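# A closer look at the structure
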Amino acid sequence: MTAPTTDAQSGLRGRLQARLHGRSELGVAALLAVIAIVIAVDTANIRHTAINAGVMGPQVVPTIIAIGLGLCAIALAISVLRGGHAEAEDGEDIDLSQKAHWPTVFGLGGLILVFALTMDFLGFVIGSALLFYGSALLLGSRRFVWALVIGILLAVGTFYGFVLGLGINLPAGLLTGIL
Amino acid sequence: MDNLTLLMEGFGNALTLQNLLFALIGVLLGTAVGVLPGIGPAMTVALLLPLTYALDVTGSLIMFAGIYYGGMYGGSTTSILLNTPGESSSVVTALEGNKMAKAGRGAQALATAAIGSFVAGTLATGALVLVAPFVVAVAIGLGAPSYFALMVFAFVAVSTVLGSSRIRGLASLFIGLTIGLVGLDATTGQARLTFGQPLLSGGIDVVVIAVALFAIGEALWIAAHLRHGTPATIPVGVPWMGKDDWKRSWKPWLRGTVIGFPFGAIPAGGAEIPTFLSYVAEKKLSKHPEQFGHGAIEGVAGPEAANNASAAGTLVPLLTLGLPTTATAAVMIAAFNQYGIHPGPLLFQTEPVLVWTLIASLFIGNTLLLALNLPLAPLWAKLLRIPRPYLYAGILFFATLGAYAAGMQTFNILILLLLGALGYMARRFGFPVLPIIVGAILGPEMERQLRRALQISAGDPAALLSEPLAVVVYTVIVLFLVVPPVIKALRQRFGRGAGPTDGPPEDQFDAFGTQTSDGSARVIRAVRPSRRGN
């Protein structure tokens, strides 16, 4: 193998990057297609009963949606291959010149997941205080004590606000009897 | 006049001490949350929805009216003092408003926005009072084919007219329809897309969908690209206007109202097109066109009025036809549905007190907003400096709480996370969020109307064209879909030169840019070329 010139190398890398960039949107097209297939399979499994035999059974609309999604998937794939690309959304606190910081995104997603799974056991106050604390730290807060204090105040305040103000009982979990 | 009597009765109901308190809380919370950067009106309404769970219908709708207008006003404060707004309807406000603030005229910009919002909101709500009974009178005679056609129209409008990419808009719509499919089929009781999970058989709560798409999706998206350091905000005193500012503002307010209301009222709404049109109109009519781009007060007054007028206009299809055409309206439908109330022409007959109390509280909310926000503006400006980690951690906190409280199910939080990931993807890949939520809400209703239309005709699809309105609506849809591409093709063939700006042809055609999460078009791209031209 001969070493390619730097020029060709950067050109190659650029082309590869361009392709990879396009490919992430092809993934979206593939996801649309997968959803379309899931709907189609699910619809095919709807049992045919006498009540379905009316004018328009429960299969009609899902079938239309599945076809529509499938067509969108194909059209999107074609558009991406022809060089079309989406524009990511901008906003007040968004700096699109940075690449997506995946540890933060997955960290936050993980926190919400853990919160959902442990809420019944831990109770709302502990769970959501930890959710706030963890999210604030993941998002770059370095005031380790303050963030925790705010999280606890927010959680306790919301708990009592809901119970006393709105009459909605949030689960107390581990703190049952204390709160 | 009959509806005036009803409106007076509505005022009588809304003006009790308790209801005024609800309106006050709604306006304060709506503004406070709406001012927070990264939180648009739709997210404000979705996040504050749980607060109304414990109230009775009237109280919660009154509070909602306050939150609705408060959230919108908060957004314009953000865009004036911070620039680069996250919500689409105040993009145009930011163009001149932020320039004014930078030039030390922030107080005047906030004042013309607040007073203009009040003027436009009040006039447009008045127009709603006049127009709604007529629409109801027509709508009451409409059958299933017409309703089906109107829904198709709303779908086409939200997914293809506003966005830059029709494919992505339609894909969003179909994803929304898919979400709406989950659960037991209303007529036959057959499970669809429940994957054997009994908690899914009731469908996915609209509140969970809204909070996931607007709050979780947005928070995750911002977290991925969080700007380091807080963007500079401009400190501001109590808003006030000089004589000259009044003179330059009142005409744009009125013109903005006239432009905004009809755009909100047709079920192709959204505040983006009217705010943009108002901006262009004011620039053309201004005696100081050279100030545009450097902080012209007309460029704040007109679009802000148009924004609020179109928000009031949105309530026409929402209340009379049950058609939500903006993200905020979609969340409001969710709020209605919680009480088993389904907006539509029948609502005016079955719940006249409720409807007119709601409309009366819109007037009250608007007035409270003006009375509160002029003195409180410096306080709101301080909210912009909230440390971002706490802000977004707080959004996640309240989003999960809202989803949980929607059914007291931790399962809802899992759905929230899943749909939040969808919201993130939508932002990353330029898919508009509005068609997703409108599809999810209107999908089941559309299926019901389609079924009804076909049942009457014993399955003959020609029945869909059996009502004159349906035929008209389909014709308009075809024009919507066919005309713009034809114009584009013609332009490309015969070259540019068709427009006054010197931008490339796509920029002119694409005047409304991409859709943002509020489902609204971003106009900044279209405005920039013409600014370059100055």
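Residues numbered from 1 in each chain as written. Chains lettered and ligands numbered in written order. Predicted model: local features only at pLDDT ≥ 70, side-chain atom pairs only at ≥ 80, totals over all residues.

Under an unreviewed UniProt entry, the name given to chain B is Putative tricarboxylic transport membrane protein, and the organism recorded is Cryobacterium flavum.

Under the annotation held in an unreviewed UniProt entry, chain A carries the name Putative tricarboxylic transport membrane protein and is attributed to Cryobacterium flavum.

Another aspect to go through is the overall build of chain B. Helix and strand content of chain B: 20 helices and two strands. Burial status across chain B gives 63% buried among its 534 residues. (Helix = DSSP H or I, 4+ residues; strand = E, 2+ residues; numbered from the N terminus. Buried ≥ 20, exposed ≤ 12 C-beta atoms within 10 Å, placed from the backbone.)

Attention now moves to helix H4 (residues 124–138) of chain A. Between the first and last C-alpha of H4 of chain A there are 21 Å, a value that for 15 residues agrees with the 21 Å anticipated at 1.5 Å per step. The set of residues buried in H4 of chain A consists of Phe-124, Val-125, Gly-127, Ser-128, Ala-129, Leu-131, Phe-132, Tyr-133, Gly-134, Ser-135, Ala-136 and Leu-138 of chain A. Buried residues belonging to H4 of chain A abut helix H3 (102–122) and helix H5 (144–166) of chain A together with helix H15 (388–405) of chain B. Looking one or two residues past H4 of chain A, Gly-140 of chain A carries a phi angle of roughly 110°, positive in sign. (Expected span 1.5 Å × (residues − 1). Contact = placed C-beta atoms within 7 Å.)

So, on to the interface of chain A and chain B. Residue-level contacts link 60 residues of chain A with 63 residues of chain B. For the side of chain A that touches chain B, the secondary-structure elements that each account for two or more residues are helix H1 (6–44), helix H2 (60–81), H3, H4 and H5 of chain A. Here the side of chain A that touches chain B gets 10 residues from one element, more than from any other, and that element is H3 of chain A. Residues that form the side of chain A that touches chain B fall into these classes: 36 nonpolar, 15 polar and nine charged. (Nonpolar A, V, L, I, M, F, W, Y, C, P; charged D, E, K, R; others polar.)

Moving on to the nonpolar core. By size, the foremost hydrophobic cluster in this structure holds 230 residues, and its most contacted members are Ala-46, Ile-209, Ala-210, Val-211, Val-331, Leu-416 and Ile-437 of chain B. The biggest single contributor to this core is helix H5 (residues 91–139) of chain B, with 24 residues. There are two domains that each give this core at least three residues, and those are domain 1 (6–47 + 57–81) and domain 2 (102–175) of chain A. Leaving out residues up to four positions away in the same chain, Ala-210 of chain B has contacts with Ala-46, Ala-330, Val-331, Ala-334 and Ile-437 of chain B. (Core = buried A, V, L, I, M, F, W, Y, C linked by C-beta atoms within 7 Å. Domains from an automatic or database assignment.)

All names here are of chain A. The sites that UniProt annotates as "transmembrane region" (unreviewed entry) are residues 26–44, 64–85, 105–132 and 144–168. For residues 64–85, helix accounts for 82% and strand for 0%, while the C-alpha atoms at its two ends are 27 Å apart. Split by type, residues 105–132 is 96% helix and 0% strand. Its first and last C-alpha atoms lie 15 Å apart. (UniProt positions renumbered as here; feature names shortened; annotations may be inferred.)

Residue and element names in this part refer to chain B. As for its placement among the helices and strands, Pro-461 is situated in the loop between helix H17 (434–456) and helix H18 (468–494). What makes Pro-461 exposed here is the crowd of 10 C-beta atoms within 10 Å. C-alpha separation for the pair Pro-461 and Ser-201, spaced 260 residues apart in sequence, amounts to 30 Å.

The subject of this paragraph is the packing of helix H10 (residues 272–285) of chain B against helix H11 (residues 298–321) of chain B. Residue and element names in this part refer to chain B. Relative to each other, H10 and H11 sit at 150°, their axes nearing to 8 Å. Classified by the angle between their axes, H10 and H11 sit roughly antiparallel to one another. For the pair H10 and H11, the sense of crossing is right-handed. Where H10 approaches H11, its residues Pro-274, Thr-275, Ser-278, Tyr-279, Ala-281, Glu-282 and Lys-283 are matched on the opposing element by Glu-298, Gly-299, Gly-302, Pro-303, Ala-306, Asn-307 and Ser-310. Of the residues assigned to the contact of H10 with H11, the class counts are five nonpolar, six polar and three charged. (Axes fitted to C-alpha atoms, helices over the stretch in contact; angles between N-to-C directions. Parallel < 35°, antiparallel > 145°, perpendicular 65-115°, else oblique. Left-handed = near helix turned anticlockwise from the far one by under 90°.)

Once that is clear, we can look at the environment of Phe-398 of chain B. All names here are of chain B. With respect to the helices, strands and loops of the structure, Phe-398 is situated in helix H15. For Phe-398, a count of 22 C-beta atoms within 10 Å puts it in the buried group. Measuring from C-alpha to C-alpha, the distance between Phe-398 and Leu-47 comes to 6.6 Å, with 351 residues separating the pair along the chain.

We now examine the confidence of the model for chain B. All names here are of chain B. Mean pLDDT over chain B stands at 82; residues scoring 70 or higher make up 89%. When mean pLDDT is compared element by element in chain B, helix H16 (residues 411–428) scores highest at 94, while helix H20 (residues 524–532) scores lowest at 34. Segment residues 497–534 is flagged for pLDDT under 50; beyond a separation of four residues in sequence, or across chains, it makes 90 contacts in the model. The ipTM, which scores confidence in the relative placement of chains, is 0.86 for this predicted complex, and the corresponding pTM is 0.84. (pLDDT = per-residue confidence, 0-100.)

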